[in-house]
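Observations on the model geometry
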Amino acid sequence: MYKYNDFDSAFLAERNRQFRTQVERRIDGALTEDEFKPLRLMNGLYLQLHAYMLRVAIPYGTLNPDQMRALALLAAKWDKGYGHFTTRQNIQYNWPKLKDVPDMLDALAEVNLHAIQTSGNTIRNVTADHFAGAAADEIEDPRPIAELIRQWSTDHPEFQFMGRKFKIAVSGASNDRAVLKAHDLAVKIVKNDDGEIGYQVLVGGGLGRTPMIGKVLNEFVAADDLLPYIESVISVWNQLGRRDNKYKARIKITVHELGLEKIRELTEERFAQVRTTFGGADQALFQDIKRHFAAPEFRTGGTEAFDAAYDSDPVFRAWADTNLAAHKAPGHAIATISIKKHGATPGDATADQMRAMADIAEEFAYGELRISHEQNVILPHVHKNDLPAIHARLKAADLATANIGLISDIIACPGMDYCALATARSIPVAQEIATRFEDLKMEHDIGHLQIKISGCINACGHHHVGHIGILGLDRAGVENYQITLGGDATETAAIGTRTGPGFAYDEIVPAVERIVETYLEQRESAEEEFLQTYRRVGMEPFKAALYPAAEKKVA
Amino acid sequence: MARAFTPKVVTANDLLEGDVIYLTTAGNWTRDLRDAELITDEAEAQLRLLDAQSQPQIAVGAYLADAKAGEQGPEPTHFREDFRRTGPSNYAHGKQEAKLEATADV
């Protein structure tokens, strides 16, 4: 993975030094809060409901063991012993003290991590397929592009004060695991008919109060042209995007208002100007970055130990069946570590758990870890024979929950338990749903079902693209939860449809239960997944189950 | 017709710790809503808010929050303020943690 060069290290050290003095000046009164706020936000420091919150970028979700240990150190030394992994492959600390933040940032810099551009109207942390470099369905590892974009966008003078934030995701696989179509801009690695590698560029996706599915702006951008092309797109939007209304400022609205054709035309015009200014420096840098992402030398050898454990240990088998995915190298697998134990806070890991995962990655998994937007941790490269030992270690660290892709593998934003923007809680709703279906022992029978919960309209919890989406709102001073069905976060992305009126806090778990019961009644076979059933039978049976009285009235 | 004024407390976050603070009658800051001043006069509320905003070295983002009189002092009328005076519901952190510690000391 990418290692900072002298320039990177010096840049980060200088930024941290500047922020340290900014904090000092705020505390001694030389800076007002109005002056300080944009400075702290540029460095990922928010002020939330109960405390400050530091959001640290995990570029394209990739971590090495030392970086994971540094994240553990921050949690143990300056927070309350845990961190919260987010839907943007970041980690958030919920309880830092203002005076400690400069020390936290210095500790991060030691392992090439930072919190720059995790807030503000800038280009945010570039996210990637969490199986990048490992997945069997991948054309090419997308992380070198992500790193190239990270370097280009970090402190880019043209893009520090845009009309609104800008989120980019990348993937090199046929299956979309990075929610590409919900991003302002997305890059998908593709091959043309001549076998050349290039990039499909999507634009105008987004969730929030006006959810939109991203559209293909360019089917094939040549490899050399990617960075100037992205710069052109953002530059066009940065000039035209609305600044009169923050709810209409994102590029999805610009694309919607002007039309894709117009954006394409303006991008081409701008591209003709911008392209010549790059002069090949980006390509030289790209070649250098690529070398950092060379795949490890994968071991050879049989999988007897895996096969024996799979046959003899039902607990291991259950975990292997849900938490493993196909790897491109023979004898290997991708293992997802669930940080969604039933009843626990989705995405939270303790400092001890982070250290345990770092140790496992170092000993067994070629020193690589990933954070997924689904708020889990991934060991991207594992030889199958090591899986029984890994599973035993995960069990000891309380990390062996076998629920990936199941109803308890819930995405939930921090909601009103932490977030100053939230209108309702999300975490306890997730906890109660997971606990309820664990008690019913139904989740393996239910199969693949994604619940995504947001505590406000901004949709950090991706509720629009959940098979079952839950949106927490404040209705006349009471928490109220709207349900959407049929959302899809993959290459067949779709925005869910609202079922009808919302549900009170104590009604939301029973409502989800009725939806699941309806699915089980309606499905044609155990193989038909929730989303397939929903697409086949439509909203009506679910509505009838959710609102029986209203149905009767209509009849 | 203008809407009737509902009682308020002045609340903010502490600059250094980030935690929720409330303005008292004496003009000090407290971490406990029950010790806050319940302001029943609209003009007075605006003045007290100005007082709070003139203390940027202590208070960040001061605002007036609805509250009502309770047996032990002001109580929140909205669930957001109820969470702010307590802490998150997934862990016993924040103000509820401080309370647990205080109980343990006794």
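Everything quoted here is computed from the prediction, not taken from an experiment. (Residues numbered from 1 in each chain as written. Chains lettered and ligands numbered in written order. Predicted model: local features only at pLDDT ≥ 70, side-chain atom pairs only at ≥ 80, totals over all residues.)

**What about the environment of E304 of chain A?**
By the secondary structure assignment, E304 of chain A is in helix α10 (residues 304–312). For E304 of chain A and N385 of chain A, which are 81 residues apart along the polypeptide, the C-alpha to C-alpha distance reads 6.7 Å. (Helix = DSSP H or I, 4+ residues; strand = E, 2+ residues; numbered from the N terminus.)

**A word on helix α2 (residues 33–42) of chain A**
Residues and elements named next belong to chain A. Listed as buried for α2 are F36, R40 and M42. Seen along its axis, α2 keeps its buried residues to an arc of 155°; they face one direction. α2 presents D34 and P38 as exposed residues on the side facing more than 90 degrees away from its buried surface. At its buried positions, α2 is contacted by α1 (6–27) and β1 (45–47). Within two residues after α2, G44 carries a phi angle of roughly 80°, on the positive side. (Buried ≥ 20, exposed ≤ 12 C-beta atoms within 10 Å, placed from the backbone. Arc of directions from axis to C-beta. Contact = placed C-beta atoms within 7 Å.)

**Things to note about the sheet that holds strand β2 (residues 52–57) of chain A**
Residue and element names in this part refer to chain A. The strand order across the open sheet built from five strands is β1-β2-β5-β4-β13, with neighbouring strands paired in antiparallel fashion. Each edge of the open sheet carries a strand with a single partner, namely β1 and β13 (348–350). Sheet twist, expressed as the average angle between the axes of neighbouring strands with direction ignored, equals 30°. The pairing of β1 with β2 spans three bridges and is antiparallel. Counterpart to L45 in the pairing with β2 is L54. (Pairing = 2+ DSSP bridges. Axes fitted to C-alpha atoms, helices over the stretch in contact; angles between N-to-C directions.)

**Comments concerning the sheet that holds strand β10 (residues 215–222) of chain A**
Residues and elements named next belong to chain A. An order of β6-β7-β8-β9-β10 is seen for the five strands of this open sheet, with the pairing classed as mixed. Looking along the sheet, the strands with just one partner apiece sit at the ends: β6 (127–128) and β10. In terms of strand pairing, strand β9 (residues 197–203) meets β10 through five bridges, oriented antiparallel. Looking across to β10, one finds that G198 is bridged to A222. Sheet strands touched by helix α5 (residues 143–153): β6, β7 (168–171) and β8 (185–191). Its angle to β7, the strand with the most contacts, is close to 155°.

**With respect to the packing of helix α3 (residues 65–78) of chain A against helix α4 (residues 101–109) of chain A**
All names here are of chain A. Interhelical geometry of α3 versus α4 gives an angle of 160° and a closest axis separation of 9 Å. By the angle between their axes, α3 is roughly antiparallel relative to α4. Classified by chirality, the crossing of α4 by α3 is right-handed. Each of A70, L73, L74 and W78 in α3 lies in contact with α4, whose residues at this interface are M104, A107 and L108. Residue composition of the contact of α3 with α4, grouped by class: seven nonpolar, no polar and no charged. (Parallel < 35°, antiparallel > 145°, perpendicular 65-115°, else oblique. Left-handed = near helix turned anticlockwise from the far one by under 90°. Nonpolar A, V, L, I, M, F, W, Y, C, P; charged D, E, K, R; others polar.)

**Brief notes about the domain arrangement of chain A**
Residue and element names in this part refer to chain A. We note that the domain assignment places domain 1 (6–109), domain 2 (142–292), domain 3 (304–396) and domain 4 (412–554) within chain A. Tallying the contact residues gives five residues for domain 3 and seven residues for domain 4. When the residues that make up the side of domain 3 that touches domain 4 are grouped by side-chain class, the tally is one nonpolar, three polar and one charged. (Domains from an automatic or database assignment.)

**As for the nonpolar core**
Across soluble globular proteins, nonpolar side chains have a tendency to be buried as a group. Residue and element names in this part refer to chain A. The biggest cluster of nonpolar side chains holds 173 residues, and the ones touching the most others in it are V170 and M357. The leading source of residues in this core is helix α6 (residues 226–240), at eight residues. Excluding residues within four positions of it along the chain, M357 makes contact with M68, I337, L369 and V377. (Core = buried A, V, L, I, M, F, W, Y, C linked by C-beta atoms within 7 Å.)

**Comments concerning the confidence of the model for chain B**
The predicted structure's coordinates, where accompanied by low pLDDT, should not be read in detail. Summing up the model confidence of chain B, the mean pLDDT is 93 and the portion of residues at 70 or higher is 93%. Scoring the predicted complex yields pTM 0.96 and, for the interface, ipTM 0.94. (pLDDT = per-residue confidence, 0-100.)

**Brief notes about the interface of chain A and chain B**
Facing the 23 residues of chain A at the interface are 22 residues of chain B. For the side of chain A that touches chain B, the element with the most residues is helix α14 (residues 427–440) of chain A, which contributes three residues. Grouping the constituent residues of the side of chain A that touches chain B by class yields ten nonpolar, six polar and seven charged.

**Structural notes on the environment of A36 of chain B**
Residues and elements named next belong to chain B. Along the chain, the position of A36 falls in the loop between β3 (29–30) and α1 (42–53). A residue is classified by how many C-beta atoms lie within 10 Å of it, and A36, with 24 of them, is buried. Each residue touching A36, except ones within four places of it in the same chain, is listed here: V9, Y22, L23, T24, T30, G73 and P74.

**Remarks on the pairing of strand β2 (residues 20–23) of chain B**
On a regular strand, each side chain points to the face opposite its neighbour's, so the side chains alternate between the two faces of the sheet. Residues and elements named next belong to chain B. In β2, alternate side chains face the same way, and those of V20 and Y22 on one face and I21 and L23 on the other are all buried. Both strand β1 (residues 8–14) and β2 contribute to a ladder of three bridges, which runs antiparallel. If you follow N13 over to β2, its bridge partner there is V20. Between β1 and β2, which pair antiparallel in sequence order, lie five residues; one of them, G18, sits at a positive phi of approximately 85°. Relative to β3, β2 is paired through two bridges, and the arrangement is antiparallel. Within β3, the residue paired with L23 across the bridge is W29. Adjacent in sequence and paired antiparallel, β2 and β3 are bridged by five residues, among which G27 carries a positive phi angle near 90°.

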